[in-house]
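Geometric and topological summary
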2 protein chains.
Amino acid sequence: MKIKHLAALLGACLSIGTAFAQAKPESQIEYRKSAMTVTARSFGVLGAMAKGDIPFNKEVATRHANLLANLSDLPLSAGAFGPGTDKGAPTKADPKVFSEPEKFKAAYEKFTAATHGLPAAAGDLATLKVAVADLGKTCKGCHDDYRMK
Amino acid sequence: MKIKHLAALLGACLSIGTAFAQAKPESQIEYRKSAMTVTARSFGVLGAMAKGDIPFNKEVATRHANLLANLSDLPLSAGAFGPGTDKGAPTKADPKVFSEPEKFKAAYEKFTAATHGLPAAAGDLATLKVAVADLGKTCKGCHDDYRMK
């Protein structure tokens, strides 16, 4: 595929353009919601293994662990919770995300740090259980303060 | 966190339950749309590097490559394009997704195969350009037939 065709394809595929930090608020809101939807399902699979609801499968666990480890930082680093993204589309982001951004960032980074530990833990059910419990605490910790009911 | 608390957390976090293949159609539609939104942004970053719109950064490219490689199979394998998911929420999935599922699966698997090549290619701009062009062809190929305008 020629680069000019790739450019056309990108233009067709992306409504947000390449300057992601300058994407419209509704695009940022959509992206962060999408990231959380994807996150929830992968966390669900890992949690189900941890709980014994589904059999532990090292390959599947590793895939979801790597997905979470690579995805988690992106909404924050891409500016999807940045100034101006408190409106533009329905959102459960609490106003404190925007009034205390440094504290929000600290809570969010507990989440990302927990996801970074998942790949190493995913190869064994005992270590996975610990990592999943730790991760779940960071979800709850951030949601308690920064996601509206 | 005790396992019982984790169970409660999972129940609170997930509306779809642990039997993902039996999730409601609207949940599956939401999941696959979310996966594509996340995919589009990562593809956008890699494409922007391939085009020279943003500087090549090996660490960033590797992150997005690994994200795509681990995410791409999930909507199909999780049944998010399965029987009954042609309705329940707005969707751009073409009716042919459901009338010719084996052909759709073949097209979708060209996409997943292309994502699996990304991590190895992401360390070098020249190899990344080739891998991104190949991936873009699979996006277009599947969308031409299976995504409504």
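Scoring rules and cut-offs
- Residues numbered from 1 in each chain as written.
- Chains lettered and ligands numbered in written order.
- Predicted model: local features only at pLDDT ≥ 70, side-chain atom pairs only at ≥ 80, totals over all residues.
- Heavy atoms only, no water.
- Helix = DSSP H or I, 4+ residues; strand = E, 2+ residues; numbered from the N terminus.
- Buried < 20%, exposed > 50% of the residue type's maximum accessible area, 1.4 Å probe, protein only.
- Contact = heavy atoms within 4.5 Å.
- Areas by Shrake-Rupley, 256 points an atom, 1.4 Å probe, with all protein chains shown as cover.
- Axes fitted to C-alpha atoms, helices over the stretch in contact; angles between N-to-C directions.
- Parallel < 35°, antiparallel > 145°, perpendicular 65-115°, else oblique.
- Left-handed = near helix turned anticlockwise from the far one by under 90°.
- Nonpolar A, V, L, I, M, F, W, Y, C, P; charged D, E, K, R; others polar.
- Phe/Tyr/Trp six-rings, centres within 6.5 Å; stacked < 30°, edge-to-face > 60°.
- Lys NZ or Arg CZ within 6 Å of the ring centre and 35° of its normal.
- Salt bridge = Lys/Arg side-chain N within 4 Å of Asp/Glu carboxyl O.
- Expected span 1.5 Å × (residues − 1).
- pLDDT = per-residue confidence, 0-100.

**Quick look at the overall build of chain A**
- Each helix and strand counted, chain A has eight helices and zero strands in total.
- Going residue by residue from the N terminus, the α and β elements of chain A occur as α-α-α-α-α-α-α-α.
- When burial is assessed residue by residue, chain A has 45% of its 149 residues classed as buried.
- Within chain A, counting contacts between residues at least 6 apart in sequence, those at least 24 apart form 75% of the total.
- Approximately 7,000 Å² of chain A is accessible, and the part contributed by carbon and sulfur atoms is 58%.

**Concerning the packing of helix H2 (residues 25–51) of chain B against helix H3 (residues 58–71) of chain B**
Residues and elements named next belong to chain B.
- Two numbers describe how H2 lies on H3: the axes approach to 10 Å, and their chain directions differ by 150°. Classified by the angle between their axes, H2 and H3 sit roughly antiparallel to one another. Two packed elements cross with a definite hand, and for H2 against H3 that hand is left-handed. Note on element contacts: H3 touches H2 through Val60, Ala61, His64, Ala65, Leu67, Leu68 and Leu71, opposite Tyr31, Ala35, Val38, Thr39, Ser42, Phe43, Val45, Leu46 and Met49.
- Each residue belonging to the contact of H2 with H3 can be placed in one class, and the counts come to 13 nonpolar, three polar and no charged.

**A short note on the packing of aromatic side chains**
- Counting across every chain of the model gives 10 aromatic pairs over all chains.
- Geometrically, the ring pair formed by Tyr108(A) and Phe111(A) is edge-to-face, given 5.4 Å between the ring centres and 85° between the ring planes. Residue Tyr108(A) and its partner Phe111(A) are both found in helix H6 (residues 101–116); the two are separated by three residues, about one turn of the helix. Taken individually, Tyr108(A) and Phe111(A) each receive the classification buried, so the pair is uniform in this respect.
- Each ring, one from Phe104(B) and one from Tyr146(B), has its centre 5.2 Å from the other, and the planes form 75°; the classification is edge-to-face. Taken together, the residues span a long stretch of sequence, with Phe104(B) in helix H6 (residues 101–116) and Tyr146(B) in helix H8 (residues 125–146) at a distance of 42 residues.
- Residue Tyr146(B) is classed as buried on the basis of its relative accessible area of 6%.
- In this arrangement the basic side chain of Arg41(A) is found over the ring face of Tyr31(B), its NZ or CZ atom lying 4.0 Å from the centre.
- One Lys or Arg, Lys96(A), reaches over the ring of Tyr146(A) and ends 5.8 Å from the middle of that ring.

**Description of the pattern of salt bridges**
Residues and elements named next belong to chain B.
- Under the counting rule described, the total for this entry stands at 12 salt bridges over all chains.
- A salt bridge links Lys51 to Asp53; its shortest N-O distance comes to 3.0 Å.
- The exposure class assigned to Lys51 is partly exposed, which follows from its relative accessible area of 32%.
- By relative accessible area, which is 42% here, Asp53 ends up partly exposed.

**Focus on helix H2 (residues 25–51) of chain A**
All names here are of chain A.
- Along its 27 residues, H2 runs 38 Å from first to last C-alpha, staying within 8% of the 39 Å computed at 1.5 Å per residue.
- For H2, the buried fraction is high: 20 of the 27 residues fall into the buried class.
- Looking one or two residues past H2, Gly52 carries a phi angle of roughly 85°, positive in sign.

**Examining the confidence of the model for chain A**
All names here are of chain A.
- Of all residues in chain A, 85% attain a pLDDT of 70 or more, and the chain-wide mean is 90.
- Considering only residues more than four positions removed or in separate chains, one finds that residues 11–18, a stretch of pLDDT under 50, has 10 contacts.
- Scored as a whole, the predicted complex attains pTM 0.88, and scored at its interfaces, ipTM 0.87.

**Overview of the packing of H2(B) against H8(B)**
Residues and elements named next belong to chain B.
- Close contact between H2 and H8 brings their axes to 9 Å; oriented N to C, the two are set at 130°. On the basis of the axis angle, H2 is oblique to H8. In terms of crossing hand, the pair formed by H2 and H8 is left-handed. Seen from H2, the contacting residues are Phe43, Leu46, Gly47, Met49 and Ala50; seen from H8, they are Leu125, Leu128, Lys129, Val132, Leu135 and Gly136.
- Its residues assigned to classes, the contact of H2 with H8 shows eight nonpolar, two polar and one charged.

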